[in-house]
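Now for the letters of each chain:
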Amino acid sequence: MLLHSVNLWNLAFYALMVFMATVGLWDVFFGFEENKCSMSYMFEYPEYQKIELPKKLAKRYPAYELYLYGEGSYAEEHKVLPLTGIPVLFLPGNAGSYKQVRSIGSIALRKAEDIDFKYHFDFFSVNFNEELVALYGGSLQKQTKFVHECIKTILKLYKGQEFAPKSVAIIGHSMGGLVARALLTLKNFKQDLINLLVTQATPHVAPVMPLDRFITDFYMTVNNYWILNARQINLTTLSVAGGFRDYQVRSGLTFLPKLSHHTSALSVVSSAVPKTWVSTDHLSIVWCKQLQLTTVRAFFDLIDADTKQITQNPKKKLSVLNHHFIRHPAKHFEENPAIISDLTGTSMWVPVKVSKWTYVAYNESDKIYFTFPLANHRKIYTHVYCQSTMLDTNSWIFGCINSTSMCRQGVDLSWKAELLPTIKSLTLRLQDYPSLSHLVVYVPSIHGSKFVVDCEFFKKETRSIQLPVTHLFSFGLSSRKVILNTSGLFYNIELLNFGQIYQAFKINVVSKCSGAKEEITSIYKLHIPWSYEDSLTIAQVPSSTDISVKLHIAQPDNDSHVALLKMYTSSDCQYEVTVKTSFSQILGQVVRFHGGALPAYVISSILLAYGGQLYSLFSTGHCLEYAAMLDKEAKPYKVDPFVIMVKFLLGPSELPKDIKIISPDLPILTTVLILISWTTCGAFAILLTYLYYVFKIVHLQASLTTFKNSQTVNPKHSRRSEKKSNHHKDSAVHHLRLSASDAEDSLRMHSTLINLLTWIVLLSMPSLIYWLKNLRYYFKLNPDPCKPLAFILIPTMAVLGNTYTTSIKSSKLLKTTSQFPLPLAVGVIAFGSSHLYRVPCFVFIPLLLHALCNFM
């Protein structure tokens with residue numbers, strides 16, 4: 001055990017770090033709401049018709065395929081081409097299946113049946129062979145070029161039709177969305193081949209784990225193109241994130257860059273999408289029924305009645321997406337809604353002069369218009385708020401201009417309302433409508449239905465309450481509280497000093513009601529004004545409700561808005577709102593935003609310990625234990641991922657009597673491994689070299705264990721053997737005698753090297769997995785991110801596997817080598833935290849110098 005050199009304070013510190021990391025990881029992987037998505041089901045058996053590609057194309061991309069989705073009679077009819085619908089292309093993401101198109105494809109088919117196939121969509125899907133493109137970026141460019149060919153193939157399927165499409169809509173899940181954006185970077189790609197792009201849980205900003213340079217180069221190419229050509233890009237793009245349930249792609253990475261001259265892009269979190277209002281994980285975002293229904297509704301509203309294809313009008317496209325994904329007014333979409341509505345027919349007009357009014361409608365036989373004169377209310381109040389529990393799509397609130405008691409025509413204010421899960425609501429600032437003389441609330445004649453309409457006038461300052469959040473380091477021990485005593489229907493709680501990603505709070509809302517006979521529902525909406533990441537909580541009052549409050553996007557420096565807790569309350573209840581810091585969620589935010597940099601910090605710490613061991617070997621002639629050097633040198637990180645080394649008790653009966661740096665089989669082995677790297681996969685060759693290195697160290701460990709055991713059993717025989725071996729001398733320069741003390745020193749050094757090499761192997765594993773998965777298509781990985789590293793690392797590790805401390809003690813290069821790990825450790829943190837593929841480049845430098853110490 002190596003723990004004997006670590007004092008109790010350090011042990012307590014390590015235990016605290018492990019505990020905090022565990023709490024943070026638990027918050028990321030389990031600390032979110034339950035999955036509230038409804039499963040989308042197929043009504044008929046799903047079928048995937050393979051689209052025949054040109055022979056040259058199929059030969060160039062043997063692992064990729066194109067499919068058309070269908071069900072039942074639709075699938076049978078469309079086995080005979082050409083097609084007559086509106087083409088939509090689905091692109092799966094990392095390890096994604098082309099069959100994931102079935103959820104949205106089935107819902108769109110049901111929608112088309114409801115309108116007797118006046119319009120319908122044809123959903124195509126690309127089979128990328130479930131490639132791991134989030135881990136290995138070498139195939140991203142190839143996927144992009146294949147998608148370009150697929151688009152051209154799809155459009156040919158409609159050739160000769162009256163309303164043949166000239167473009168396709170694309171839905172991209174995860175990395176599929178990035179591939180769709182990359183289409184615009186191709187030299188021969190025409191931008192008008194895509195009419196709409198919807199991405200689901202796509203990390204647009206940066207890769208989740210930048211494990212090779214191909215991924216980061218691809219991202220840089222795509223994002224730079226979109227930024228530099230923003231004025232020329234007319235592609236309407238919607239990015240939907242999954243929220244906190246998606247721990248694979250945090251939502252902050254999915255937000256498209258906000259450019260003042262690029263207004264055709266929207267980014268939203270699924271919890272903020274009207275009629276969805278749920279967080280989705282990385283896979284459920286493609287089958288979540290609520291979200292897919294919203295997407296399909298938007299698609300049908302995008303159809304141009306003249307061309308029977310998706311509209312080419314960018315203004316309409318953006319209006320439709322805003323309507324369905326940002327703010328829904330509880331009305332069907334209309335491109336040019338009528339502002340003035342006729343208020344005619346047989347109906348009752350009822351004046352209302354009070355400032356607060358409630359009407360319960362049940363089996364109404366006549367239409368009723370309730371009119372609120374505004375003249376007197378303007379003198380006292382600043383705003384008016386109305387809500388209705390009838391969630392139909394008819395207009396329900398109007399404004400009369402210069403009227404005395406009733407008006408024949410009114411301004412339709414329903415378009416300014418907002419749909420919420422249980423109500424539709426409208427808030428108006430009276431001074432914004434100086435020409436309105438009356439507010440009119442319309443109650444239709446209904447039978448068998450019951451709903452409630454409320455209106456109230458109020459001063460803004462009475463409904464806006466400031467609540468400063470607690471300090472970051474209060475650890476949840478202190479809290480701040482406000483009590484809502486008045487009988488209002490709507491309150492804004494301003495969460496002051498809240499705008500950073502590392503802040504996290506738990507808000508508790510306790511509601512107490514008096515005289516409430518029926519079940520009352522309250523809605524608490526966390527509104528983040530600088531990004532569309534709102535979340536809603538529905539509570540049955542009286543109750544005690546906990547709300548998690550944390551951010552996906554930090555508040556921009558030039559933004560002065562305040563995060564709000566919007567409370568849609570009951571006038572019969574009192575509400576107590578308490579906020580306190582949630583330390584577990586803070587740790588979760590640290591892991592969520594910075595967990596990807598952990599390997600760089602761990603490797604940096606190991607490098608520091610490695611440098612300390614080399615220096616102790618130079619200065620004292622002995623190599624200190626890894627844990628002791630980590631404790632001494634790896635400050636302020638104090639990270640020790642590997643504390644206990646596995647001991648192997650099997651092996652030869654005695655220690656090697658001499659050391660051969662260049663054994664006869666070493667050049668052959670090195671050459672073979674380099675050839676393997678050149679002809680197959682660099683990561684595969686690195687893994688084989690690593691296994692060879694581990695074998696050599698296990699062999700040494702086993703030899704030392706057996707030697708110590710033999711000394712314990714027969715110490716006289718051991719001394720005679722050692723004395724006999726001392727008489728044996730070899731004139732070769734690199735044949736050195738190895739004692740038990742030297743072997744222990746060497747094992748200490750090798751234990752640190754194994755730590756470093758293990759991380760190099762782990763960081764190269766994604767390309768190895770990709771190569772193994774596609775071995776039936778390609779024997780040689782091209783491009784190969786690990787090949788240059790393998791050419792240097794293979795001979796270096798081969799020499800290090802035969803290196804012992806006694807062979808490098810007198811090296812002139814040892815002192816210089818011992819000084820390199822410190823600046824390299826700094827480099828690993830500075831350049832490797834956000835680009836993990838650069839870490840091995842820093843690690844192999846001291847390894848190479850260490851190997852050269854055998855010869856200099």
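Residues numbered from 1 in each chain as written. Predicted model: local features only at pLDDT ≥ 70, side-chain atom pairs only at ≥ 80, totals over all residues. Heavy atoms only, no water.

A word on the overall build of the chain
Of regular secondary structure, the chain possesses 22 helices and 30 strands. In terms of its C-alpha atoms, the chain occupies a principal-axis envelope of roughly 120 × 70 × 45 Å. In the chain, of all internal contacts separated by at least 6 residues, the share reaching a separation of at least 24 is 80%. Charged side chains in the chain number 82 positive and 61 negative. The centres of these two groups are separated by 7 Å. (Helix = DSSP H or I, 4+ residues; strand = E, 2+ residues; numbered from the N terminus. Contact = heavy atoms within 4.5 Å. Lys, Arg positive; Asp, Glu negative; His and termini not counted. Charge placed at Lys NZ, Arg CZ, Asp CG, Glu CD.)

Points about the sheet that holds strand E20 (residues 436-443)
Across the sheet, six strands lie side by side as E11-E17-E16-E20-E14-E12; this open sheet has mixed pairing. Each edge of the open sheet is held by one strand with a lone partner, namely strand E11 (340-342) and strand E12 (347-351). Sheet twist, expressed as the average angle between the axes of neighbouring strands with direction ignored, equals 35 degrees. Looking at chain direction, strand E14 (residues 367-373) and E20 are connected through six bridges and run antiparallel. The residue of E20 that forms the bridge with Phe-372 is Leu-439. (Pairing = 2+ DSSP bridges. Axes fitted to C-alpha atoms, helices over the stretch in contact; angles between N-to-C directions.)

A short note on helix H22 (residues 839-852)
Taking 1.5 Å as the rise per residue, H22 with 14 residues should run 20 Å; its terminal C-alpha atoms sit 21 Å apart, in good agreement. For H22, the buried fraction is high: 10 of the 14 residues fall into the buried class. For H22, the complete set of buried residues consists of Val-839, Pro-840, Phe-842, Val-843, Phe-844, Pro-846, Leu-847, Leu-849, His-850 and Ala-851. (Expected span 1.5 Å × (residues − 1). Buried < 20%, exposed > 50% of the residue type's maximum accessible area, 1.4 Å probe, protein only.)

Observations regarding the nonpolar core
Judged by nonpolar contacts, the single largest core of 110 residues is most densely connected at Leu-89, Phe-124, Ile-151, Ile-170 and Leu-847. When residues of this core are assigned to their parent elements, the largest contribution, 14 residues, is made by helix H18 (residues 740-773). What Leu-89 contacts, discounting residues up to four positions off in sequence, is Leu-66, Phe-124, Ser-125, Val-126, Val-147, Ile-151, Ile-154, Ala-169, Ile-170 and Ile-171. Residues Cys-37, Val-240, Leu-266 and Leu-302 belong to the second largest nonpolar core, which totals 45 residues. (Core = buried A, V, L, I, M, F, W, Y, C linked by side-chain atoms within 4.5 Å.)

Section: the packing of aromatic side chains
For the structure on display, the rule yields 30 aromatic pairs. Summarising the aromatic geometry, the rings of Trp-357 and Phe-370 are spaced 4.8 Å apart at their centres and angled 50 degrees between planes, so their arrangement reads as tilted. Of this pair, Trp-357 sits in strand E13 (residues 356-362) while Phe-370 is found in strand E14, placing the two residues 13 residues apart along the sequence. Of the two residues, Trp-357 and Phe-370, neither departs from the other in class, the shared state being buried. Seen in terms of ring centroids, Trp-357 and Phe-372 are 5.2 Å apart; in terms of plane orientation they differ by 75 degrees. Their pairing is edge-to-face. Of the two residues, Trp-357 sits in strand E13 while Phe-372 sits in strand E14, which places them 15 residues apart along the sequence. Neither residue differs from the other here; Trp-357 and Phe-372 are each classed as buried. Three or more aromatic residues joined by ring pairs form one cluster here, namely Trp-357, Tyr-359, Phe-370, Phe-372, Tyr-381 and Phe-457. (Phe/Tyr/Trp six-rings, centres within 6.5 Å; stacked < 30°, edge-to-face > 60°.)

Concerning the side chain of Asp-534
Along the polypeptide, Asp-534 turns up in the loop between strand E26 (520-527) and strand E27 (535-541). Separated by 2.9 Å, the side chain of Asp-534 and the backbone nitrogen of Ile-528 make a polar contact. Setting aside residues up to four positions removed in sequence, Asp-534 forms contacts with Ser-271, Ala-272, Lys-525, Leu-526, His-527 and Ile-528. (Polar contact = N/O pair within 3.5 Å; in protein donor to acceptor, adjacent residues only side chain to side chain.)

Re a positive patch on the surface
Taken together, Lys-56, Arg-60, Lys-145 and Lys-187 make up a surface patch of like positive charges. Looking at where Lys-187 falls in the secondary structure, it is placed in the loop between helix H6 (175-182) and strand E6 (194-200). (Patch = residues over 30% accessible without salt bridge, like charges linked within 9 Å, V, L, I, M, F, W, Y side chains within 5 Å. Areas by Shrake-Rupley, 256 points an atom, 1.4 Å probe, with all protein chains shown as cover. Salt bridge = Lys/Arg side-chain N within 4 Å of Asp/Glu carboxyl O.)

Side note on the state of the cysteines
Summed over all chains, the structure comprises four disulfides. Residue pairing for Cys-37: its cysteine sulfur links by disulfide to Cys-288, the two sulfurs lying 2.2 Å apart. Between Cys-37 and Cys-288, the disulfide has an S-S torsion of -90 degrees and is therefore left-handed. Separated by 251 residues along the polypeptide, Cys-37 in the loop between helix H1 (8-30) and strand E1 (46-50) and Cys-288 in the loop between strand E8 (265-269) and helix H8 (289-301) bring together distant segments of the chain. Look at Cys-37 and you get buried, because its relative accessible area is 12%. Covalent S-S linkage joins Cys-513 and Cys-573, the inter-sulfur distance amounting to 1.9 Å. The sign of the S-S torsion, about 100 degrees, decides the handedness of the disulfide formed by Cys-513 and Cys-573: right-handed. Separated by 60 residues along the polypeptide, Cys-513 in strand E25 (residues 504-513) and Cys-573 in strand E30 (residues 573-581) bring together distant segments of the chain. With its bonded cysteines labelled in order along the sequence, the chain shows the pairing 1-2, 3-6, 4-5, 7-8. (Disulfide = S-S within 2.5 Å.)

A short note on helix H5 (residues 140-156)
Its 17 residues place the ends of H5 25 Å apart at the C-alpha level, agreeing with the 24 Å of an ideal helix rising 1.5 Å per residue. All buried positions along H5 are accounted for by Leu-140, Gln-143, Thr-144, Phe-146, Val-147, His-148, Cys-150, Ile-151, Thr-153, Ile-154 and Leu-155.

Some remarks on the pattern of salt bridges
With the rule as written, the count across this model stands at 17 salt bridges. For the salt bridge of Glu-335 with Lys-316, the shortest nitrogen-to-oxygen distance reads 3.8 Å. Of this pair, Glu-335 sits in the loop between helix H9 (314-325) and E11 while Lys-316 sits in helix H9; the two residues are 19 residues apart in sequence, bridging distant segments of the chain. Linked through salt bridges whose partners overlap, the residues forming this network are Glu-44, Glu-71, Arg-110 and Glu-113.

Quick word on the pairing of E13
In E13, alternate side chains face the same way, and those of Trp-357, Tyr-359 and Ala-361 are buried while those of Lys-356, Thr-358, Val-360 and Tyr-362 on the opposite face are not. As paired strands, E13 and strand E21 (residues 450-458) are joined by seven bridges and run antiparallel to one another. Paired with Thr-358 across the bridge in E21 is Asp-454.

A closer look at the sheet that holds E27
Across the sheet, which stays open at both edges, the five strands sit in the order E22-E24-E29-E26-E27 with mixed pairing between neighbours. Two strands bound the open sheet, and with one partner strand each, they are strand E22 (464-468) and E27. Neighbour-to-neighbour, the strand axes of the sheet open up by a mean angle of 20 degrees, direction not taken into account. Alignment of E22 against strand E24 (residues 490-496), held across five bridges, turns out to be parallel. Of the residues in E24, the one forming a bridge with Ile-465 is Ile-493.

Description of the environment of Leu-496
Looking at the element boundaries, Leu-496 is found in strand E24. Through-space distance from the C-alpha of Leu-496 to that of Ala-539 is 24 Å; in sequence the pair is 43 residues apart.

As for the packing of helix H21 (residues 821-832) against H22
The geometry of H21 relative to H22 is characterised by a closest axis approach of 9 Å and an angle of 175 degrees between their N-to-C directions. Between H21 and H22, the crossing angle belongs to the class labelled roughly antiparallel. Along its contact with H21, which presents Pro-821, Leu-824, Gly-827, Val-828, Phe-831 and Gly-832, the element H22 presents Val-839, Phe-842, Ile-845 and Pro-846. Along the lines of polarity and charge, the residues of the contact of H21 with H22 split into eight nonpolar, two polar and no charged. (Parallel < 35°, antiparallel > 145°, perpendicular 65-115°, else oblique. Nonpolar A, V, L, I, M, F, W, Y, C, P; charged D, E, K, R; others polar.)

Considering the side chain of Glu-418
Within the secondary structure, Glu-418 is located in strand E18 (residues 418-419). Among the polar contacts made by the side chain of Glu-418, one reaches the side chain of Lys-525 at a distance of 2.5 Å. In this structure, Glu-418 is in contact with Arg-327, His-328, Ile-423, Lys-424, Ser-425, Lys-525 and Tyr-568, ignoring residues within four places of it in sequence.

Considerations on the environment of Glu-418
You can call Glu-418 buried: its relative accessible area is 9%. In sequence terms Glu-418 and Tyr-615 are 197 residues apart; their C-alpha atoms lie 68 Å from each other.

Things to note about the confidence of the model for the chain
The predicted coordinates should not be examined in detail at positions where pLDDT is low. Summing up the model confidence of the chain, the mean pLDDT is 85 and the portion of residues at 70 or higher is 90%. The weakest mean pLDDT in the chain belongs to helix H17 (residues 715-726) at 45; the strongest belongs to strand E5 (residues 168-173) at 97. Here residues 636-651 is a poorly scored stretch, pLDDT under 50, and it has 36 contacts once near neighbours within four places are set aside; other chains count. In this model, residues 715-737 is a region of pLDDT below 50 whose contacts with residues beyond four sequence positions or in other chains number 24 contacts. (pLDDT = per-residue confidence, 0-100.)

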